[in-house]
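Listed below, chain by chain, are the residues.
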Amino acid sequence: MHEKIIILDFGSPTTQLIGRKIRELNTYCEIVPYHKFPSDEANIKGVVLSGSPYRIGDDNAFKINIEPIRKKYPVLGICYGAQLICEQSGGKLTSSPSLEDGRAHLSNIDLEDALMKGVRTGSQIWVSNGESIAGLPTSFKPVASSENMDVAAYRVEGEKTWGVMFYPEVFNTEQGVQIIDNFLQICECRKDWTAASFIESTVAELNRQIGNDKVILALSGGVDSTVTAVLLNKSIGKNLSCIFVDHGLLRKNEFENVLRDYEHLGLNVKGVDAKEKFYSALAGVTDPEQKRKIIGKGFIDVFEDEAKNIKGIKWLGQGTIYPDVIESLSVTGKVIKSHHNVGGLPEKMNLKLVEPLRLLFKDEVRMVGKELGINSQLLGRHPFPGPGLGVRILGAITPEKVHILQEADDIFISMLREWGLYNKVWQAGAILLSVNAVGIVGDERTYENAVALRAVTSIDAMTADWATLPYDFLAKVSNEIIHKVQGVNRVVYDISAKPPATIEWE
């Protein structure tokens, strides 16, 4: 059993970043709601209290008694977490319009302090506080300050408890990783969380969990389902049956290419051509949510039909990853965003669920895949929505529109690769708009389709910015699409960030 750091989530939008930074330091951690500290305490090495959108004095602020945790484990409070520790020990907080919000710089650093070891004076930090510490409790000692905060960081004498009034997990805090690493050293973590150790422990757990039972898994061609399949295959071999459904909304030649890639991995895969079934069900449907529901139901229907032909299936494998799990439950326990891989098991299938990646972040999934020997082209693929091109064709879906979009998208993606830009963006694709545009071909007036190109940069898709692709590249792509894809006479580039926009258009 891996030793771990527990991150108590008080609702901060950067809580996942804390987890990612700790994992990048080869230490396993888990994010749990602030009021659900795990009862299994045997392998917990330390506790981090996250920030929060609330102030300590707010009526709806999240609060728990931190003292029992402080008595047992090293604790690091971040922003709200630091304020909570201070307030519960009798300290005083104050609000002021002059408080820092954004960049600040550390000063008066206690270089002998274990948390601040190696942190230099003037090091930039990122602050977003509605409150500052006006008075520390008796046993608390400041270990750093900044321009407008007398206490930017503190420690509690006689125990392994610290608080910082800034965000060490964000990129703008220059030595944030150093501070987090110092805390892991305080916790005496072994730092043995690696892709190889994950594979070893997960295969052993799968052997224990599944035994000689049979598992069925729906493959999408994406990174998560592929790594899930290879992990399961490593454990149970031919007892794993994989289904890859062509719903007619895949990219150009994707069905054949992905099946070929899977064959090289030695997986037991059956490809199912269900294009006509999906096209028929989607005919005339324009509402985006309705399209998603039809495609989702179609997948389940096809999957169930195929599962009936395989005797002895007891488990359903899914490529659920950690952000899916975290985002599906808020700190209040209410669902804030549903994910297709979380709680999506069709009850009538009467199968148990196995999710070997549910504790991994996306970058960790890729590292595990590399360790398993999966080729870089499969691991480096951009995310692709489950409904496929169905959410990139605005308005009603027809086979003709799918063909147009496949051709335009293929030109865009192929040229991203040719220009060495594919791996510099998180996700890219073409969108077929629901409007026609006037154009001129030769001496004739045309009235044809407009295509939008979308390319974004991101870490985990929770936020995203539009990719600043070179103008000459965009000009070349536009020219290629307009001249080679019959039915398109206009190309535009989407420069919307998420939020307020989403990555996909539907």
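Overview of the structure. Just so you know, these numbers come straight off a predicted model, no measurement behind them.

Moving on, we get to the pairing of strand β13 (residues 240-246). Counting buried positions over the 7 residues of β13 gives 7, a clear majority of the element. With burial as the criterion, each face of β13 is covered, one bearing L240, C242, F244 and D246 and the other bearing S241, I243 and V245. In this structure, strand β12 (residues 214-219) lies alongside β13, joined through 5 bridges in parallel fashion. Looking at β13, one finds that L219 is bridged to F244. Once the chain exits β12 it traverses helix α6 (residues 223-236) before rejoining the sheet at β13, and the crossover so formed is right-handed. Here β13 pairs with strand β14 (residues 269-273) via 5 bridges, running parallel. The residue of β14 that forms the bridge with I243 is K270.

Note that N449 resides in strand β18 (residues 444-457). Judged by its relative accessible area of 15%, N449 is buried.

Summed over the entire model, instances satisfying the criterion amount to 3 cavities of 30 Å³ or more. Reported here for the largest cavity is a volume of approximately 60 Å³. Taken together, R392, Q427, A428, G429, A430, I431, R454, I503 and E504 make up the full set of residues lining the largest cavity. If you tally residues by element for the lining of the largest cavity, the top one is strand β17 (residues 427-441), at 5 residues. Looking at the lining of the largest cavity residue by residue, the classes come out as 4 nonpolar, 2 polar and 3 charged.

The strand order β2-β1-β3-β4-β11-β10-β9 describes an open sheet built from 7 strands, whose pairing is mixed. Where the open sheet ends on each side, the last strands, each with one partner, are β2 (29-33) and β9 (140-146). Between one strand axis and the next, the sheet turns by 25° as a mean value, whatever way the strands run. Taken together, the 4 bridges between strand β4 (residues 75-78) and strand β11 (residues 161-164) define a ladder with parallel strand orientation. Residue pairing in the sheet places V75 in a bridge with T161 of β11. Packed on one face of the sheet, helix α1 (residues 15-24) meets β1 (4-9), β2, β3 (44-49) and β4 and runs near 170° to β1. The sheet strands contacting helix α3 (residues 80-88) are β3, β4, β9, β10 (149-156) and β11, and the helix crosses β4 at an angle near 115°.

On the secondary structure map, R445 appears in strand β18. Separated by 434 residues in the primary sequence, R445 and G11 place their C-alpha atoms 56 Å from one another. Look past the residues within four positions of R445 in its chain and what remains in contact with it is V438 and G439.

Quick notes on the rules
- Residues numbered from 1 in each chain as written.
- Predicted model: local features only at pLDDT ≥ 70, side-chain atom pairs only at ≥ 80, totals over all residues.
- Heavy atoms only, no water.
- Buried < 20%, exposed > 50% of the residue type's maximum accessible area, 1.4 Å probe, protein only.
- Helix = DSSP H or I, 4+ residues; strand = E, 2+ residues; numbered from the N terminus.
- Pairing = 2+ DSSP bridges.
- Right-handed = clockwise from strand over helix to strand, strands pointing away.
- 1 Å grid on protein atoms, 1.4 Å probe; cavity = no way out; pocket = protein on both sides within 12 Å on 5 of 7 lines; lining within 4 Å.
- Points joined across faces, edges and corners; volume = space filled by probe spheres on them.
- Nonpolar A, V, L, I, M, F, W, Y, C, P; charged D, E, K, R; others polar.
- Axes fitted to C-alpha atoms, helices over the stretch in contact; angles between N-to-C directions.
- Contact = heavy atoms within 4.5 Å.

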